[in-house]
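# Coordinates in review
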Amino acid sequence: MTLDVAVLVVAKAPVPGFAKTRLARDVGDARAADLAAASLLDTLDAVTGAGAARRVVAMTGDLGRAVRGTDIASALDRFTVLPQRGEDFADRLVNAHTDTFDAFGLPVLQIGTDTPQVTAGLLAESADLLTERKGRCVLGLAEDGGWWILGVPDAVAAEAIRPVPTSSPDTGRLTREALLAAGAEVLSLPTLRDVDYAADVAPVAALCPESSRFRREYLLTARG
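Quick look at the structure, then. (Residues numbered from 1 in each chain as written. Predicted model: local features only at pLDDT ≥ 70, side-chain atom pairs only at ≥ 80, totals over all residues. Heavy atoms only, no water.)

### Quick notes on the overall build of the protein chain
Counting its secondary structure elements, the protein chain contains nine helices and seven strands. For the protein chain, whose C-alpha radius of gyration is 16 Å, the value lies close to the compact-globule estimate of 17 Å for 224 residues. Its C-alpha atoms give the protein chain principal-axis dimensions of about 50 × 35 × 30 Å. With 224 residues in all, the protein chain has 51% of them scored as buried. Relative to all contacts within the protein chain whose residues are 6 or more apart in sequence, the contacts with residues 24 or more apart total 69%. Accessible surface for the protein chain amounts to roughly 9,900 Å². Of this, 51% is attributable to carbon and sulfur atoms. Of the side-chain charges in the protein chain, 23 are positive and 30 negative, and the distance between the mean point of each set is 2 Å. (Helix = DSSP H or I, 4+ residues; strand = E, 2+ residues; numbered from the N terminus. Rg over C-alpha atoms; globule rule 2.2 N^0.38 Å. Buried < 20%, exposed > 50% of the residue type's maximum accessible area, 1.4 Å probe, protein only. Contact = heavy atoms within 4.5 Å. Areas by Shrake-Rupley, 256 points an atom, 1.4 Å probe, with all protein chains shown as cover. Lys, Arg positive; Asp, Glu negative; His and termini not counted. Charge placed at Lys NZ, Arg CZ, Asp CG, Glu CD.)

### Focus on the packing of aromatic side chains
Applying the stated criterion to the full structure yields zero aromatic pairs. The ring of F18 carries the charged tip of K12 above its face, separated from the ring centre by 4.8 Å. The aromatic ring of F79 is capped on one face by R55, whose charged end is 5.7 Å from the ring centroid. (Phe/Tyr/Trp six-rings, centres within 6.5 Å; stacked < 30°, edge-to-face > 60°. Lys NZ or Arg CZ within 6 Å of the ring centre and 35° of its normal.)

### Re the nonpolar core
Core analysis: the biggest nonpolar cluster contains 37 residues, and L44, V57 and L123 have the highest contact counts within it. Of all elements in the fold, only β1 (3-12), α2 (29-49), β2 (52-60), α3 (69-75), β4 (108-111), α5 (120-131), β6 (147-152) and β7 (185-192) reach the threshold of two or more residues within this core. By residue number, the principal contributor to this core is α2, which donates seven residues. Not counting the four nearest positions on each side in its chain, L123 is found in contact with A46, V47, A50, L109, I111, V118 and I149. Counting 23 residues, the second-largest nonpolar core is a separate cluster that includes A58, V94, C137 and L179. (Core = buried A, V, L, I, M, F, W, Y, C linked by side-chain atoms within 4.5 Å.)

### Here we look at the pattern of salt bridges
Two side chains carrying opposite charge are able to pair once their charged atoms lie near each other. Counting across every chain of the model gives 17 salt bridges. Two residues, D45 and R78, come together in a salt bridge whose shortest N-O distance is 3.5 Å. Here D45, found in helix α2, pairs with R78, found in the loop between α3 and β3 (80-83); they are 33 residues apart in sequence, far enough to count as distant. We note a salt bridge from R133 to E185, for which the minimum N-O separation is 3.5 Å. Taken together, the residues R133 in the loop between α5 and β5 (136-142) and E185 in strand β7 connect sequence positions 52 residues apart. Using a relative accessible area of 47% as the deciding quantity, one classes R133 as partly exposed. Of the residues examined, E185 reaches a relative accessible area of 27% and is grouped as partly exposed. Taken together, the salt bridges that share partners define one network made up of K20, R22, D114 and D196. (Salt bridge = Lys/Arg side-chain N within 4 Å of Asp/Glu carboxyl O.)

### Focus on the pairing of β1
Extensive coverage of β1 is indicated by the burial of eight of its 10 residues. Sheet topology note: the β1/β4 ladder contains four bridges and is parallel. Following the sheet pairing, A6 is matched in β4 by V108. (Pairing = 2+ DSSP bridges.)

### Considering the sheet that holds β5
The strand order β3-β2-β1-β4-β6-β5-β7 describes an open sheet built from seven strands, whose pairing is mixed. Every other strand in the sheet has two partners, leaving β3 and β7 as the edge strands with one partner each. Adjacent strand axes in the sheet meet at a mean angle of 20° when their direction is disregarded. Looking at chain direction, β2 and β3 are connected through four bridges and run parallel. For V56, the partnering residue across the bridge sits in β3 and is T80. Those strands touched by α5 are β1, β4, β5, β6 and β7, and its axis lies near 120° from that of β1. (Axes fitted to C-alpha atoms, helices over the stretch in contact; angles between N-to-C directions.)

### Focus on helix α4 (residues 89-104)
Between its first and last C-alpha, α4 extends 23 Å over 16 residues, near the 22 Å set by a 1.5 Å rise per residue. Buried residues belonging to α4 abut β1, β2, β3, β4, β6 and α6 (155-159). Positive backbone phi, approximately 65°, marks G105, located one or two places after α4. (Expected span 1.5 Å × (residues − 1).)

On their own, these measurements won't tell you what the molecule is for.
Given below as structure tokens:
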């Protein structure tokens, strides 16, 4: 069954020194980029398997300098790729929603690339809940106070979160409050742990299937 949504992935090319800078402070630029590449590829696989009407990646960074850049470029053949635009991450996030909605006119279900444990089934369930009622938003919080998934019916709803500070312990709560203040219904999705620091890697890897690139990348180092 095709889901009547556009699933949007907001991603950075996993270039050492550019991607996962908080994680890199713990494990180094090269290792952080390896994990970021694996997480991105797992995320793209989950989105591909979810059955969405449209699949979009809003990308920033140079894939030509990225870890596993060839593999990522091949996976992106299954997606519409848009450039990120904006002065800061909040602008780039909202603009990615706007560009996706303008292109396809569908509700947008957006995730990042820090939750490689996400499955196609979870994304499909989230899309169903988003489209179950007209005007509904869906939001899945992260354990650190941010959020890992946001679904909105249109670009107007996404605009409500532009003033919300990102990478803050209050980002998830403030995102929900901004959507509610704009008159939206906000349905909660499961809370997940995302990968920001070294302490997150092992617990998240343990939730990934054996076929996960992120899990294999973690085990490669853990066994070494």
